[in-house]
Amino acid sequence: PAFRCADTISVGNPFGESRWTLDTATGEFYYHQFYAAMPDLNFNNADVRNELLDIVRYWLEQEVDGFRIDAASFYAEDPSANLCMNQPRTHQFFKELRAVLNFYPAKATVGEVLPAPSEMITYLGNGSDELHMFFNFTMVPALLQAALGGDMTGVAEVLDQTYSRLPEGGHY
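Residues numbered from 1 in each chain as written. Predicted model: local features only at pLDDT ≥ 70, side-chain atom pairs only at ≥ 80, totals over all residues. Heavy atoms only, no water.

Peer 1: So what's going on with helix α5 (residues 153–161)? Residues and values would help.
Peer 2: Three or more residues of α5 are buried, namely G154, V155 and V158. The buried residues of α5 occupy one face: seen down the axis, they fall within an arc of 100 degrees. (Buried < 20%, exposed > 50% of the residue type's maximum accessible area, 1.4 Å probe, protein only. Helix = DSSP H or I, 4+ residues; strand = E, 2+ residues; numbered from the N terminus. Arc of directions from axis to C-beta.)

Peer 1: Talk me through the pattern of salt bridges; I want residue IDs and the actual numbers.
Peer 2: A complete count under the given rule lists seven salt bridges for this structure. E112 serves as the salt-bridge partner of R68, at 3.8 Å between the closest nitrogen and oxygen. Taken as a pair, R68 in strand β3 (residues 66–69) and E112 in strand β4 (residues 108–112) lie far apart in primary sequence, 44 residues in all. Classification of R68 by relative accessible area gives partly exposed; the value is 46%. (Salt bridge = Lys/Arg side-chain N within 4 Å of Asp/Glu carboxyl O.)

Peer 1: I'd like to hear about the packing of helix α4 (residues 139–149) against α5, residue by residue, with values.
Peer 2: Running from N to C, α4 and α5 point in directions that differ by 155 degrees, and their axes come no closer than 7 Å. Here α4 lies roughly antiparallel to α5, going by the angle between them. Between α4 and α5 lies a crossing whose hand is left-handed. From α4, M139, A142, L143 and A146 reach across to α5, where they touch G154, V155, V158 and L159. For the contact of α4 with α5, the class distribution of residues is seven nonpolar, one polar and no charged. (Axes fitted to C-alpha atoms, helices over the stretch in contact; angles between N-to-C directions. Parallel < 35°, antiparallel > 145°, perpendicular 65-115°, else oblique. Left-handed = near helix turned anticlockwise from the far one by under 90°. Contact = heavy atoms within 4.5 Å. Nonpolar A, V, L, I, M, F, W, Y, C, P; charged D, E, K, R; others polar.)

Structure (structure tokens):
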């Protein structure tokens, strides 16, 4: 493999598989953050990004309302820094994506963003140049704790770290 990612479990993905799989047809390894049947795209390659944006344009022309961005934190890996999550190239791609969506009225993106609540907000950019909104998965255990134990502290903390800091135009 060309690189390994220090900020992930290097021996396996969340499903117990190696993140590197040998393609027996080519003799080369490919990287996948999740299942082997789901190889990662190389977002460091402009041709890959442009092709994906063309696919987005196609679906927008078909009048879809928007896109759910799975595993948004993992879109670009940086081999030189040995990192796989929350990379600047990821944010640059979301800016490119948002520029395309801005040509189509009333379309939106929602991202599955996994870092700490205060970092989730960075995926909204300035509120009009990256994702439109994100799923606030950190709210789930806070709400569960509140419902089961009557303790609203976690909910207040997550709201303080996210909702109160949203840029104008950003949502969750």
